[in-house]
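What follows is each chain in one-letter form.
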Amino acid sequence: MAQSVVPKLLGIDVGTTACKAVLIDETGRVLKQASAEYPLHVPRALWAEQNPIDWWHGVQKCLGEIVEQPNAIGLTGQMHGAVFLDHGDNVIRPAILWNDQRTRHECDEIEGQIGAESLRKITLNPMLPGFQLPKLIWLRNYETSRYQQVRSMLLPKDYIRLKLSGAKATDVSDASGTGCFSVGNRAWSHEILSGLEVSPDLLPPVFESSEVTATTDEGIPIVAGAGDQAAAAVGTGAVKPGVVSMSLGTSGVVFTSLDQPREDPSGGAHVFCHANRAWHAMGVMLSCGGAIRWFRDTLAPDLTYDELAEEASSVDSEGLTFLPYLAGERSPINDSDARGAWVGLTLAHGRAHMARAVFEGVTFGLKHNLDHLRTMGVAPREIRATGGGAKSTFWLQMLADVLEIPVVTMEVDEGPAFGAAILAGVGIGVWQSVEQACDHVVKTSRTIHPSGVSPASNYQRYLNLYPALHDAH
């Protein structure tokens, strides 16, 4: 009797610091994985750029290490980045990334042209400097000759699709973060584009995340995929209300699925299309693990992250509070001019106190986002932690104590690439839906319960400091 062929599903994640490829089977078992780093360029303060060809070289390196040919490919990656291509699909300039803050005035220009209320009604989000549309308007304002060459604009993962297949496409979750997408209707907004005199021909067709969009030269289907946060949520099973995915990476993300699109009048949370054909609400801190990395690189280069956490665990913060706004902030305060700070320093404080304050500060930022989602009717039952920070028992316990909710780690924590591989399986019929796929392959590992230590006074001090210092920078 002939044996059935076990499908092999490849997920590719175009991250900010590196790309990653994960090959899984239909049980969710990781068969192979590979990663490749590439540089990040900061030509000016608060700018962030990368060369898209570096992403492609990284993906090629990963594919060379994986070797095996998959049955389907799913794509994911950093959201919001703008890749500008000419008529021959050549990259015109370095991509402007999600954490780039140069476009504040362009956001004002867009709101002035379309109307802030109309924009929020269409996109369910405020216009943010990190979004893709303000980057295009910035190019038109400041690099006119380059703008005149633009014939298409792609998101980072979709540039890899182009290189793999020659096809231009995107998915609804990634498109939701461009600033010109009708999130409720799951389609490009012609009202916004025409109001800004931007041709819709610059934008690719939009698909649901598990739909097949193209094939490689070898005939391998490539599904639409998802933005990194939606893909990561698929990988953690955050595809049903009540399950909250918390990504502890360079940025910090608090993410939950929604049955219906809900506008947040304050603009403190993002409401995007989800990869499961529904919607999601998301709060994003720009500096989460990135703040911890900055502290280590700047003030404790002799320590590993585990040693830094051990040092932080040896003391109380003793009245010292850290604001993690090292690159401005996005959620829930939405202030590109926000700045980081230690407040309460005394001669009694040393490096260990400062380290603990940094861990507490980013954790308070995550709680601030979760509390904001609660105002939208989100009722979290469980936090599923992912990313590099999920390896730290010290940080996980702090999260459970501060959030006062059990924090769960995942048996397979391969991040967005794992979720992209799951979407690839749904696309070729291995599973009938994203929810069914998650029920089959997503498994939790350990649970960290709150210890009962109340963080209320420290957290309230954290909340009070941003408005108090707002006009000081």
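This is a predicted model, so every value here is computed, not measured. (Residues numbered from 1 in each chain as written. Predicted model: local features only at pLDDT ≥ 70, side-chain atom pairs only at ≥ 80, totals over all residues. Heavy atoms only, no water.)

Take the packing of helix 9 (residues 228–236) against helix 14 (residues 416–427) next. The contact between helix 9 and helix 14 brings their axes to 7 Å, and the two run at 75°. As judged from the angle between their axes, helix 9 and helix 14 are roughly perpendicular. Listed contacts from helix 14 to D228, A231, A232, V234 and G235 of helix 9 are P416, F418, G419, A420, I422 and L423. Residues belonging to the contact of helix 9 with helix 14 are distributed by class as follows: eight nonpolar, two polar and one charged. (Axes fitted to C-alpha atoms, helices over the stretch in contact; angles between N-to-C directions. Helix = DSSP H or I, 4+ residues; strand = E, 2+ residues; numbered from the N terminus. Parallel < 35°, antiparallel > 145°, perpendicular 65-115°, else oblique. Contact = heavy atoms within 4.5 Å. Nonpolar A, V, L, I, M, F, W, Y, C, P; charged D, E, K, R; others polar.)

Moving on: the state of the cysteines. Each disulfide is one covalent bond, formed between the sulfur atoms of two cysteines. Summed over the entire model, instances satisfying the criterion amount to zero disulfides. Sulfur of C19: no disulfide; nearest cysteine sulfur belongs to C62 and is 3.6 Å away. For C19, a relative accessible area of 1% gives the class buried. With no disulfide of its own, C180 lies 12 Å from the sulfur of C107, the closest cysteine sulfur. (Disulfide = S-S within 2.5 Å. Buried < 20%, exposed > 50% of the residue type's maximum accessible area, 1.4 Å probe, protein only.)

Turning our eyes to something else, we now look at the sheet that holds strand 17 (residues 252–258). What the seven strands build is an open sheet, ordered 18-19-17-16-22-23-24; its pairing is mixed. Every interior strand has two partners, whereas the edge strands, strand 18 (270–273) and strand 24 (444–448), have only one. Ignoring strand direction, the axes of neighbouring strands in this sheet form an average angle of 30°. Taken together, the three bridges between strand 23 (residues 407–410) and strand 24 define a ladder with antiparallel strand orientation. Along strand 24, the bridge assignment pairs V408 with T447. On the sheet, helix 9 packs against strand 16 (243–248), strand 17, strand 19 (279–285), strand 22 (382–386) and strand 23 and is oriented at approximately 70° with respect to strand 17. (Pairing = 2+ DSSP bridges.)

Interaxial distance between helix 14 and helix 15 (residues 434–441) falls to 10 Å at its minimum, and their mutual angle equals 120°. In terms of orientation, helix 14 lies oblique with respect to helix 15. The element helix 14 and its partner helix 15 pack so that their crossing is right-handed. Residue-level contacts link F418, I422, L423 and V426 of helix 14 to V434, A437 and V441 of helix 15. Residue classes in the contact of helix 14 with helix 15 are distributed as seven nonpolar, no polar and no charged. (Left-handed = near helix turned anticlockwise from the far one by under 90°.)

With omega at -5°, the peptide bond leading from S331 into P332 counts as cis. By the element assignment, P332 lies in the loop between strand 20 (321–323) and strand 21 (341–343). Of note in the backbone geometry, D89 takes a positive phi value of approximately 65° without being a glycine. Of note, D89 is situated in the loop between strand 6 (83–85) and strand 7 (95–96). For D89, a relative accessible area of 28% translates into the label partly exposed. Residues other than glycine seldom take positive phi values, yet E197 does so here, at roughly 55°.

Among the secondary structure elements, T76 is positioned in strand 5 (residues 72–77). One polar contact links the side chain of T76 to the main-chain carbonyl oxygen of A226, over a distance of 2.8 Å. Apart from the residues lying within four places of it in its own chain, the contact partners of T76 are I12, D13, V14, K157, A226, G227, D228, A231, P416, A417 and A420. (Polar contact = N/O pair within 3.5 Å; in protein donor to acceptor, adjacent residues only side chain to side chain.)

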